[in-house]
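Each chain, written out:
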Amino acid sequence: MEFFDNYKKLFSATFLLFVGLTILVAILPAFRNEKNNAPLPNAVPLSEDAVKGKAVYIANGCVACHTQQVRIVDMDKTWGPRPSIAADYADMHRTDFWRNTATLMGTERTGPDLTNIGNRQPSLEWNLVHLYNPRIVVKESVMPAYPWMFTLKTNPGKDDVVVNVPAEYLKGKSGKVVATKQALHLVAYLQSLKQAPLPDGRPAPEFLYKREVKALPAADGTIPALDGAALYAVNCQSCHQANGEGLQGAFPSLKGSKIVLDDNPEAMVDIILHGYNGREKEGFPPMPAIGTDNNLSAEEIAAIMNHERTSWGNSAKEVTPAQIKEIIEALKSDVK
Amino acid sequence: MKRKNRLKLIRGLFLSAGLFSSYALYAQSEAKRAYYFTDLNGVLLFLFVLVFFLLAGIWYLKIKIREMVKMNRRLKNRNNETDFDKYMKDLSSDQIEAYLKYSKQDDASSAESSNGGNNTALKSGIVFLLLSLSSLGLFAQDRSGGKGSVLGETGIIITIFLLIIPIGAGIVFMIFKVLKLINQKKNQLNLIRAEELAQHLSHSPDADTRRDLIKRKEALDFKLTHSELSGNLPAEDKKGLITSITTDSGLPVVTQKKKAIKRPNVDPRLAKLVLWYIGCATFWLLFGTTVGEYVGIKFVAPDADHLSWLSFGRLRPVHTNAVFWGWASLGMLGLAYYVVPRVSNRELVSFKMGWYSLWLINAAVLLGSISLMAGINNAGGEYREYIWPIMLLFGIGLVLTLINFLKTIARRTTKEIYISNWYIVAALIFGLVISLVAYIPWWQDGLGETIVQGYYMHMGVGMWFMMMTLGLVYYYLPQQLNRPIYSYSLGILAYWTQILFYTLIGTHHFVFSSIPWWLQTVAIVGSVGMVIPVVAGSTNFILTFKGGWHKISDSYTLPFYLVGIIFYFTGSLQGTAEAFRSTNLMWHFTDFTVAHSHLTMYGIITFFVWAGVYTIIPRLSGKEAPQITVGAHFWFALIGLLFYTVPLMYGSTLKGLMWMEGKPFLDSVVFSAPYWLWRAVGGSLMWISHIFFVYNVYKMIGGKAIVDVKEAAFEKLAQTSAGTH
C-alpha cells in the first residue's frame, strides 16, 4: 500500500492516533479534574513544618511502600472512615520549580496506608521512636530505620526533643537520642494527615464489595463476641505491645495495671475513648483518644477491654457491651 | 480425512472457548453478589482446565474409535483379491524367497477363519467410558458452581485439590487403558488378516505372479557399488571448500552449538557505535540489578545498613530507573541502530548524533541515580522519579536518535518500510510524547498528577519498551531462523491495535481510587482489548518458528527468543487478568504487581535484548562467548526469574485475601516473610546470571581470541624475512 510506503504519512498517522488518544484519556481528564474539584472547606492546609515534613517524606521515597488513598472498597475501611475523593487531593500543587505535584497516592502497600495516620497514630513519642528504629515498637516490621534523622547528645538542652530509645538499639553508644528538625518535620507531616469530614453532613460515598457479616446470631440467638485480640492488635498493640507490657519509659504496661484490673470499668472506658495524660511525671507521654479517633463501637471497646482484662496473667471481671454503652452515655452527659 | 479432523478440532476449540467465555460471564455477575467469589477464580479455572483436558482426551478417544470402526467395516466389506494384491506388491526380498520356496512344496492345508463379532462389545465399552467421563466433567462443574463462598476456605481448596489428584490420575490411567485396548484390538485384527493372507499364500502362484515376483526380487536385491558418483579416483578439494577440520574434539562439557556467521560489510563505525551502546547497557544492568538485589535483601534484613543514601525508599527508584533507562533503553537502542540502517539498505545518516545520544542517556542515568540517592526526586510517581532537567538529557537523546532514524528511513533504497522500522520509530515518537506529557506541569494539579502518572508509567512500559522490543524481534528472530516472518499482516494488525488499546490502559493502576470511574472502566476495557495485539504478535513469532523448531537445539540465541515470546504471551495476558475490578481487590497494592513487572520487563524485554545481543555482537566483532557461560547465563536467569515471581505471586494472592478478610495488617507482613526470602533467592540467581552475561559481553567485545598457531607462525616468518632484507 502506498500509504504504508510513505514514511511521512505512516508516522504522522501513528503520531496523531497516539496523541489523540492521549488527549482523551490523560490530558483532558486531568484538566477537567483540576477544574471541577476544590479543596474541602473543612480541610486543614499543611502547616509550615508539615510542608517541610512532606519534602522529607518525598526525598526518602516513603511512597514506595505507603499509599495515601482509601479506595472505595470495604477492605480499605481500616485506613479511613470514608473513601478518598478527588477533593481530598485538590489542594496539591506543583512542589517547586524542579519538582512535580505530589499526591503520593502510591501503588504499593508494603506498609500501612497513611491517609488518616494523623488520627490513627497521633502520638509524637511513638512516631519518633518508631522512626528511629521501627523494630523497637513493632518487632515484625520491615520498615527501614532512620537513625540519621536523630543526633546523640550527652546533655540535651531544654528545647531538645529526647527520644526514649532502649539501650540495645544504641549499639553501644551513649548519650540521649535527640530528634533533629528533619524528624520533627516528618512527624508533623504524619500528624497532619487526617481525612477531613465532608461538609454540611453530606454522606460519604459507600464502600463497595461489602464483606459478608460473619457475626450472625447463633442458633440460640446469642451474638458471638468480637475478636478482642485482633482489635487489640490493630488499635493498641503498637504502643502497649503484644505482651501487654508496653515499652519501659515510653508506654505503660497493661499487665497488672490498676486501671485495667479495676472492677469498675469506667476509668478504663474513659481513657480508651478520650485519651490520658495522668502519668506524664513518670515519663509516659499522653495517650491519644484512640476510641474516638478510630470510631470504636461499644462492642469493639468491650472486646478489647475483655482481652486486656483476661490476658497476660490479668484476671478481672469481663464487661458486657451493654455496660460499656451505658458508661459511654454517662460520659457524654458529663462532658456536656 | 485429515482436513475433516482439523475441522473437528477447530469446532472443539470453539466449543471450549464458549465454555470459558460463559464462565467469565458467570464470574462477573457473581462478583457483585458474593464477596468471596474472587478467590474462587483460581480453583474454578483449574477445574475448567481439567474439564478442557478431559474433553480433549475424549475427543482423541473418539477419533481413535472412529478409526477402529472404519477399519472393522473395511475388514468386513473388503474385496479379498485386491486386498491381497496390495500385500503381494509390498513383500520384501526375503519374503518373496520364502514364498517361492514354500509354494513349490505345495501342500495345501485349509483353515477356517472367523471374523468380526466382538467389536460391538468394544464399542459399547467405550461408550460407557465416555459417558462416565463426561458425567465426571459435569460433576466437577456442578460442584464448583454450587458451593459458593465456602470454596474460599483454604481447607476446602486443599480438599478439592486432594480429590482432583486421584480423580485426574484415574482418568489418565483410564485413557491409557483404553488406548491399550484399542491397540490390542488392532493387533487382533491384524493377526486375523495375517492368517487369511497366509491361507492365500498357501496356494502356489500362477505363472504371471511368479514372474512378477522374481522380477521384483531382483529389483529389491539391487545394490549400489558406492562409487557411482565418486568414481574410483581419490578425493580432492580443488575449490578449497573445506577448512579447519578437527579430528580430535575432546570431551565436550556442553553440546556444541552453531557458530555465528560473520556478516560481511558491516561498517566498522556502526559496529563500534552498537558495541558501545550494548557495553553501556551491560554496565547499567549490572549496576541496576546489584541495587535491586540489595533492595530485595532489605525485605529480609531491614537493618542491613543505616545510611541515608542506601535507605530502601531511595534505592528502589535507583534500581527501577537504572534498569529502565540505562539497561533496557540503551540495549534496545543499540540493537535498533543496527536494524534501522540494515533494513533500509542504507548507511546510518549521522554517527555523530548516535554518539551524542549515547552520552546524553548515560549522563541522565548517572546523574539521576546520584540525585535519587541524595534525596532529590520528582515527587513520587513511579519511573518519573528523575527530576526534569535530568530527564531532559534523556529526551534530547531520544530526539537525536529519532531524527537520525527518520532521515535514514527517508533515504532508504527499499520501497517498503520494513515492519521493524515501524515499531522502532513509533516507540521513539511515543517515548517523547509521554515524557512531554508527564513533565509539562500545566495539567498536573491534584488528581491530574495521578491521571497523568497512570498514563505515563504504563505507556513507558508498553509504548516505549514493548513497542521497540517488538520491532527488534521482527528483525532479529527471522534473521536467526533464516526464514521470513510468518505474517506481515499480523504484524500490522498488532501495530495498530497496540496503539489503540494500550494507550487507554494507564489508569488501571488506580482502580477504585478517586480518579473518575469512567476512566477506570476505559482502562479495564483497553486491558481486555490488549488480548488482540498480544495474541497476534505471539502467534506471529511462534508460527515463524514453524518448521524450524529443530534449530533451537542447535542455537544458543533462539532459547532466549523463545523465552521472550512465552513471557510476552503469558506476562501480557496476566496484565489483562490483573486489570479487572475483582482481581484488583485481591492483587492491587501487593507484591503481585512487582512479580508481574519482573515477568514482563525481565521475562520479555530483557530476554529479547539478550537474544539480540548474542545475535549481533559476534557478527560485529567476530568473537563469540564461551558456550558454557552463555548456557549458565540463560539458566540462572530463567530459573531465578521463576523463583522470584512464582512464590511472590502465590504469597501476594494469599496476602490480598487476608486483607479482604480484615486480618490485622501486621499479620500480613509476618505472613509475607518466607515469600520475600524466596524473592531474594530468585533475585540472587538472576544477579549471578548477570555476572555471566557481563563476562560473555567482555569475551565477545574485548576478549582476546586464542592465538592461532598458523597465523602466528607466518607473522614470525614475515618478521624474520623483513629482518634479513
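Residues numbered from 1 in each chain as written. Chains lettered and ligands numbered in written order. Predicted model: local features only at pLDDT ≥ 70, side-chain atom pairs only at ≥ 80, totals over all residues. Heavy atoms only, no water.

### Describing the overall build of chain A
Using the following cut-off: Helix and strand definitions follow DSSP, with helices as H or I runs of at least four residues and strands as E runs of at least two, each counted in order from the N terminus. Two residues form a contact once any of their heavy atoms are found within 4.5 Å. For the area figures, the Shrake-Rupley method with a 1.4 Å probe applies, and any residue is considered shielded solely by the protein chains shown.
When you go through chain A residue by residue, the secondary structure sums to 13 helices and three strands. Within chain A, residue pairs in contact and separated by at least 24 positions form 65% of the contacts whose partners lie at least 6 positions apart. For chain A, the accessible area works out to roughly 16,800 Å², and carbon and sulfur atoms hold 57% of it.

### Re the pairing of strand 3 (residues 176–179) of chain A
Residues and elements named next belong to chain A. What counts is decided by this rule: A pair of strands counts as paired when DSSP detects no fewer than two bridges linking them.
The pairing of strand 1 (residues 150–153) with strand 3 spans four bridges and is classified as antiparallel. Within the sheet, the bridge partner assigned to L152 lies in strand 3 and is V177. Where strand 2 (residues 162–163) meets strand 3, two bridges bridge the pair, whose relative direction is antiparallel. In the strand pairing of strand 3, V163 is matched with V177.

### Some details on the side chain of A:T110
In plain terms, the rule: Counting of polar contacts relies on pairs of N or O atoms within 3.5 Å, with two restrictions inside protein: one atom must be capable of donating a hydrogen and the other of accepting it, and residues adjacent in sequence are counted only when both atoms are side-chain atoms.
Tracing the chain through its elements places A:T110 in the loop between helix 3 (48–59) and helix 4 (117–120). In terms of polar contacts, A:T110 uses its side chain to reach the side chain of A:E108, at 3.2 Å. Apart from the residues within four sequence positions on either side, A:T110 is in contact with A:C65, B:F299, B:F589, B:D591, B:F665, B:V669 and B:W676.

### What about helix 10 (residues 266–274) of chain A?
This is how the line gets drawn: Partly exposed describes any residue whose relative accessible area lies between the buried limit of under 20% and the exposed limit of over 50%, with all areas from a 1.4 Å probe on protein chains only and scaled to the type maximum.
Residues A:M268, A:V269, A:I271, A:I272 and A:L273 constitute the buried set of helix 10 of chain A. Looking one or two residues beyond helix 10 of chain A, the residue adopting positive phi is A:G275, at roughly 85°.

### Quick look at the pattern of salt bridges
Under the convention used in this document: Salt bridge, as used here: a side-chain nitrogen of Lys or Arg that lies within 4 Å of a carboxyl oxygen of Asp or Glu.
Across all of its chains, the model carries 23 salt bridges over all chains by this definition. The partner of B:K298 in a salt bridge is B:D305, with the nearest N and O atoms 3.0 Å apart. Owing to a relative accessible area of 13%, B:D305 belongs among the buried residues under this scheme. The network of salt bridges with shared partners includes A:R71, A:D76, A:R109 and A:D113.

### Things to note about empty space enclosed by the protein
Which parts of space are left empty comes out when a probe the size of a water molecule is rolled across the atoms. For clarity, the threshold we go by: Of the grid points, spaced at 1 Å and generated over the protein atoms alone, those admitting a 1.4 Å probe that cannot get out make up cavities, while open sets with protein on both sides within 12 Å along at least five of seven lines make up pockets; any residue with an atom within 4 Å of a point is treated as lining. Grid points are joined across faces, edges and corners, and a volume is the space filled by probe spheres set on the points. Residue type decides the class: Asp, Glu, Lys and Arg count as charged, Ala, Val, Leu, Ile, Met, Phe, Trp, Tyr, Cys and Pro as nonpolar, and the leftover types, Gly among them, as polar.
The tally for this structure, following the rule as stated, stands at 10 cavities of 30 Å³ or more. Quantified by volume, the second largest cavity comes out at close to 270 Å³. Residue lining of the second largest cavity: 25 residues in total, with A:V63, A:G106, B:G380, B:G381 and B:E382 positioned closest to the centre. Listed by contribution, the elements that provide at least two residues to the lining of the second largest cavity are helix 9 (312–344) and helix 13 (447–481) of chain B. Of the residues contributing to the lining of the second largest cavity, the split by class is nine nonpolar, 11 polar and five charged.

### Focus: the packing of helix 13 of chain B against helix 14 (residues 488–502) of chain B
Residue and element names in this part refer to chain B. The cut-off we apply is this: Only the contacting stretch of a helix is used when fitting its axis, a line to C-alpha atoms as for every element, and angles between N-to-C directions run 0 to 180 degrees. Our angle categories are set so that under 35 degrees counts as roughly parallel, over 145 as roughly antiparallel, 65 to 115 as roughly perpendicular, and the remainder as oblique.
Contact pair helix 13 / helix 14: the axes reach a minimum separation of 11 Å and the direction vectors enclose 175°. Our classification of the angle between helix 13 and helix 14 gives roughly antiparallel. Between helix 13 and helix 14, the residues in contact are H458, M459, V461, G462, M463, M466, M467, L470 and Y474 and G491, Y495, Q498, I499 and Y502, respectively. Class assignment for the residues of the contact of helix 13 with helix 14 results in 10 nonpolar, four polar and no charged.

### Section: helix 21 (residues 627–660) of chain B
How we decide: In a helix, the anticipated span is given by 1.5 Å times the number of residues less one.
Counted at 1.5 Å a residue, the expected span for helix 21 of chain B with its 34 residues is 50 Å, and the 49 Å between its end C-alpha atoms agrees. Looking at the residues trailing helix 21 of chain B, positive phi occurs at B:G662, about 80°.

### Quick word on the nonpolar core
As a reminder of what qualifies: By convention a nonpolar core is built from buried Ala, Val, Leu, Ile, Met, Phe, Trp, Tyr and Cys residues, the set being connected through side-chain atoms within 4.5 Å.
With 184 residues, the main nonpolar core has B:W325, B:W464, B:M468 and B:F607 as its most contacted residues. The leading source of residues in this core is helix 13 of chain B, at 22 residues.

### Observations concerning the interface of chain A and chain B
How big an interface is tends to be stated in terms of the accessible area lost upon association of its parts. Using the following cut-off: When two parts are put together, the accessible area they lose, computed with a 1.4 Å probe and summed over both, is reported as buried area.
Contacts between chain A and chain B engage 85 residues on the former and 97 residues on the latter. The three residues of chain A that bury the most area against chain B are A:F18, A:M75 and A:Y209, which together make up 10% of that side's buried surface. Viewed at the interface, chain B and chain A are joined by two salt bridges. Here A:D5 ties to B:K415 by a salt bridge, and the two come within 3.0 Å at their closest N and O atoms. Along the contact surface separating chain A from chain B lie 19 residue pairs in polar contact (both at pLDDT 80 or more). When residues of the side of chain A that touches chain B are traced back to their parent elements, those giving at least two are helix 1 (2–5), helix 2 (7–36), helix 3 and helix 7 (228–235) of chain A.

### Describing a positive patch on the surface
Residue and element names in this part refer to chain B. Note the threshold: The patch calculation keeps residues exceeding 30% relative accessible area without a salt bridge and links them within 9 Å when they carry like charges or within 5 Å when they are nonpolar (Val, Leu, Ile, Met, Phe, Trp, Tyr). Neither His nor the chain ends is counted toward charge; the positive residues are Lys and Arg and the negative residues Asp and Glu. Charge positions are represented by NZ for Lys, CZ for Arg, CG for Asp and CD for Glu.
Together, K62, R66, K70, R73, R74 and K86 line one region of the surface with positive charge. At five residues, helix 2 (residues 41–76) tops the list of elements feeding residues into the positive patch. Relative to the helices and strands, R73 resides in helix 2.

### Here we look at the environment of B:L654
Along the chain, B:L654 falls in helix 21. In this structure, B:L654 is in contact with B:F671 and B:Y675, ignoring residues within four places of it in sequence.

### Overview of the packing of helix 9 of chain B against helix 13 of chain B
Residue and element names in this part refer to chain B. Spelled out, the test is: By convention the crossing between two helices is left-handed if the near helix lies anticlockwise of the far one by an angle smaller than a right angle, and right-handed if it lies clockwise.
Where helix 9 meets helix 13, the closest approach of the two axes is 10 Å, and the angle between their N-to-C directions is 40°. On the basis of the axis angle, helix 9 is oblique to helix 13. For the pair helix 9 and helix 13, the crossing hand works out as left-handed. Counted together, F324, W325, A328, S329, M332, L333, L335, A336, Y338, V339, R342 and V343 of helix 9 and Y456, V461, W464, F465, M468, T469, L472, Y475 and Y476 of helix 13 form the full contact between these two elements.

### A few points about the environment of B:T615
All names here are of chain B. Examined against the element boundaries, T615 turns out to sit in helix 20 (residues 592–621). Residue class for T615 comes out buried when judged on its relative accessible area of 0%. C-alpha separation for the pair T615 and Q479, spaced 136 residues apart in sequence, amounts to 9.0 Å.

### Some thoughts on a nonpolar patch on the surface
Residue and element names in this part refer to chain B. Taken together, V300, W635, I639, L642, F643, V646, L677, W678 and V681 make up a surface patch of nonpolar side chains, about 780 Å² in accessible area. Mapped onto the nonpolar patch, the elements with two or more residues apiece are helix 21 and helix 22 (665–701). Broken down by element, the residue count for the nonpolar patch peaks at five residues, all from helix 21. Mapped onto the elements of the fold, L642 is located in helix 21.

### Quick word on the state of the cysteines
Put simply, the test is: To count as a disulfide, a pair of cysteine sulfur atoms needs to be within 2.5 Å.
Throughout the structure, instances matching the rule amount to zero disulfides over all chains. Cysteine A:C236 is unpaired, with the sulfur of A:C239 as its nearest cysteine sulfur at 9.1 Å.

### Some words on the packing of aromatic side chains
Residues and elements named next belong to chain B. What counts here: Only centres within 6.5 Å qualify two rings of Phe, Tyr or Trp (six-membered ring in Trp) as a pair; their planes then separate them into stacked at under 30 degrees, edge-to-face at over 60, and tilted for everything else.
A complete count under the given rule lists 64 aromatic pairs over all chains for this structure. Relative to Y474, the ring of Y423 has its centre 5.2 Å away and its plane inclined at 25°; by these criteria the two rings are stacked. Here Y423, found in helix 12 (residues 419–439), pairs with Y474, found in helix 13; they are 51 residues apart in sequence, far enough to count as distant. The pair Y423 / Y474 is uniform in exposure class, with both members buried. Their ring planes at 80° and their centres at 5.3 Å tell us that Y423 and Y495 sit as a pair that is edge-to-face. Of this pair, Y423 sits in helix 12 while Y495 sits in helix 14, and the two are 72 residues apart along the sequence. For Y423, a relative accessible area of 1% translates into the label buried. Counting every residue linked through ring pairs, the aromatic cluster contains W327, Y556, F560, Y602, F607, W610, Y614, F634, W635 and F693.

### Points about the sheet that holds strand 2 of chain A
By definition, the strands of a sheet pair up through backbone hydrogen bonds, in either a parallel or an antiparallel sense. Residues and elements named next belong to chain A. Taking strand neighbours across the sheet as the criterion, the three strands line up as 1-3-2 in an open arrangement whose pairing is antiparallel. Of all the strands in the sheet, the pair left with one neighbour each is strand 1 and strand 2. Strands in contact with helix 5 (residues 124–132) are strand 1, strand 2 and strand 3; relative to strand 1, the strand with the most contacts, it is inclined by about 95°.

### Remarks on unusual backbone geometry
At A:L104, a residue that is not glycine, the phi angle is positive and equals roughly 55°. Within the element layout of this structure, A:L104 appears in the loop between helix 3 and helix 4. A relative accessible area of 3% places A:L104 in the buried class. Positive phi, normally seen in glycine, also occurs at B:Y383, with a value near 65°. If you trace the backbone, B:Y383 turns up in the loop between helix 10 (351–373) and helix 11 (388–410). Using a relative accessible area of 10% as the deciding quantity, one classes B:Y383 as buried.

### A short note on the side chain of B:S420
All names here are of chain B. Relative to the helices and strands, S420 is located in helix 12. With a relative accessible area of 0%, S420 lands in the buried category. Here S420 is in contact with V339, G471, Y474 and Y475, once residues within four sequence places are set aside.

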